[in-house]
Amino acid sequence: RVPLMTEAVARQALLRFVASQCCYGTRAAGELAIQRLRQLGTYRYRLETFSESRLSEWVFEPFTKPGAAGPSGDAPLDPWDVEVGTPWPFQGQTRRWRVPCSALVRDCHRCHGHGRSKCGVCHGAGRTRCVTCKGSRWRLKQQKRCQLCSGTGRKRCSTCSGRGSKTCATCQGEKKLRHFQQLVISWKNNVFEFVSEHHLNFPGELLSKVSGENVFKDENVVVYPIINFPEAEISLASQRAIAEHSAAFATTSRILRQRQTIELIPITEVHYQYSGKPYLYYIYGLENKVYALDYPERCCWGCTIV
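Residues numbered from 1 in each chain as written. Predicted model: local features only at pLDDT ≥ 70, side-chain atom pairs only at ≥ 80, totals over all residues. Heavy atoms only, no water.

### So, the overall build of the chain
For step 1, the next point in the chain: Looking only at helices and strands, the chain features three helices and 14 strands.
For step 2, the next point in the chain: A separation threshold of at least 6 residues defines the contact pool for the chain, and within that pool the share at least 24 residues apart is 78%.
For step 3, the next point in the chain: Carbon and sulfur atoms make up 50% of the accessible area of the chain, which amounts to about 18,100 Å² in all. (Helix = DSSP H or I, 4+ residues; strand = E, 2+ residues; numbered from the N terminus. Contact = heavy atoms within 4.5 Å. Areas by Shrake-Rupley, 256 points an atom, 1.4 Å probe, with all protein chains shown as cover.)

Below you can see the structure in the form of structure tokens.
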């Protein structure tokens, strides 16, 4: 079902590629003589394992409801017993969830239950050294007493308004904290990808950036290895991928769903002549991306070819 490559489509793909490069001339793309189109293809196998992992951690917040001062008496639930809705499969996400029956109320550890903490600027004194006279009480250049601090060398601390303490930032002045267990739930789509060998003078990593024609799809809670696929490399890749994902995620998390696909990625080798010399370029993927290593009309050598 991959569309047949024609000379017109091949030339148009090259023209789009040349237009996207800062130092490539368009004349060669318009005047070249296409000699041969060699249509090829390679298979891409992909395994997606949608997993869920849970981490329990203790967090706290200011306690503002004196009427609910303690836990219910029930034991906290096991992290995996907390019911949380699962997002759409194969889409990564992280949520935080409060564990029921895990709350404990304690005095604030920062202010020891006072609701206020020592000011870090004046160190509890309520006054700081005058910045104008630097505590000397005198303005040396004018040989008279400092008017800003009235000759005392110190002034009221602006941070705590002279109280020597400020509202505790941890409990926000509530004096107590509610500690509770919080679940950090992470859903991740783990991907294994393999592209079969194509034996071309063509960077294989470019194929991961394009799409292909889907020829096989299998989705279930757990999928099984593909066997007897015409390309033996694909069957071996499927066996290896499923074994690796099972070993990596089955013990540390839950595998919720798996999906494996095989795509046929079209590659066309275009042979052409320009100014009496032979050249070639490649067209790959359903997007008709172009790779042209030796394009004849370039004004510099600093472009990255993608």
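Right, picking up where we left off after that structure.
### Points about the side chain of Ser 253
For step 1, the next point in the chain: With respect to the secondary-structure elements, Ser 253 resides in the loop between helix H3 (232–249) and strand E12 (254–274).
For step 2, the next point in the chain: One polar contact links the side chain of Ser 253 to the main-chain carbonyl oxygen of Phe 249, over a distance of 2.9 Å.
For step 3, the next point in the chain: Contact partners of Ser 253, with chain neighbours within four places excluded, come to Ser 51, Glu 52 and Ser 53. (Polar contact = N/O pair within 3.5 Å; in protein donor to acceptor, adjacent residues only side chain to side chain.)

### Quick look at the confidence of the model for the chain
For step 1, the next point in the chain: Within the chain, residue pLDDT values average 87, and 90% of them lie at 70 or more.
For step 2, the next point in the chain: Per-element averaging of pLDDT across the chain places strand E6 (residues 138–139) at the bottom with 67 and strand E11 (residues 213–220) at the top with 96. (pLDDT = per-residue confidence, 0-100.)

### Things to note about the packing of aromatic side chains
For step 1, the next point in the chain: Tallied over the full model, the rule gives 10 aromatic pairs.
For step 2, the next point in the chain: Taking the centre distance of 6.5 Å and the plane angle of 65° together, the rings of Tyr 45 and Phe 192 count as edge-to-face. In this pair, Tyr 45 sits in strand E1 (residues 33–62) while Phe 192 sits in strand E10 (residues 176–195), placing the two residues 147 residues apart along the sequence. Comparing Tyr 45 with Phe 192, the two get one shared label, buried.
For step 3, the next point in the chain: An aromatic cluster of at least three residues, connected via ring pairs, comprises Phe 202, Tyr 282, Tyr 284 and Tyr 291.
For step 4, the next point in the chain: Positioned above the aromatic ring of Phe 180, the side-chain terminus of Arg 98 is 3.8 Å from the ring centre.
For step 5, the next point in the chain: Over the ring of Phe 90 we find Arg 259, and its NZ or CZ is 4.1 Å from the ring centre. (Phe/Tyr/Trp six-rings, centres within 6.5 Å; stacked < 30°, edge-to-face > 60°. Buried < 20%, exposed > 50% of the residue type's maximum accessible area, 1.4 Å probe, protein only. Lys NZ or Arg CZ within 6 Å of the ring centre and 35° of its normal.)

### Digging into the nonpolar core
For step 1, the next point in the chain: If you look at the biggest cluster of nonpolar residues, it comprises 21 residues, and the most contacted ones within it are Leu 14, Tyr 272, Tyr 281, Ile 283, Val 290 and Tyr 295.
For step 2, the next point in the chain: At five residues, the largest contribution of residues to this core is made by helix H1 (residues 7–19).
For step 3, the next point in the chain: With residues near it in sequence (within four places) discarded, Tyr 272 still touches Leu 32, Ala 33, Ile 34, Gln 35, Lys 277, Pro 278, Tyr 279, Leu 280, Tyr 281, Asp 294, Tyr 295 and Pro 296.
For step 4, the next point in the chain: One finds Phe 192, Val 223, Ala 237 and Ile 242 within the second-largest nonpolar core, a separate group that totals 12 residues. (Core = buried A, V, L, I, M, F, W, Y, C linked by side-chain atoms within 4.5 Å.)

### Quick look at the environment of Ser 196
For step 1, the next point in the chain: Along the chain, the position of Ser 196 falls in the loop between E10 and E11.
For step 2, the next point in the chain: You can call Ser 196 buried: its relative accessible area is 3%.
For step 3, the next point in the chain: Along the sequence, Ser 196 and Glu 233 sit 37 residues apart, while their C-alpha atoms lie 6.4 Å from each other.
For step 4, the next point in the chain: Excluding its chain neighbours within four sequence positions, the residues that come into contact with Ser 196 are Thr 42, Tyr 43, Glu 233 and Ile 234.
For step 5, the next point in the chain: Reaching out from Ser 196, the side chain makes a polar contact with the side chain of Thr 42 at a distance of 2.8 Å.

### Notes on unusual backbone geometry
For step 1, the next point in the chain: Here the phi dihedral of His 112 falls at roughly 55°; this positive angle occurs in a residue that is not glycine.
For step 2, the next point in the chain: Tracing the sequence through the fold places His 112 in the loop between strand E3 (104–107) and strand E4 (116–118).
For step 3, the next point in the chain: Phi at Asn 288 is positive, roughly 60°, even though this residue is not glycine.
For step 4, the next point in the chain: Turning to its location among the elements, Asn 288 is positioned in the loop between strand E13 (277–284) and strand E14 (289–291).
For step 5, the next point in the chain: On the accessibility criterion, Asn 288 (22% relative accessible area) is partly exposed.

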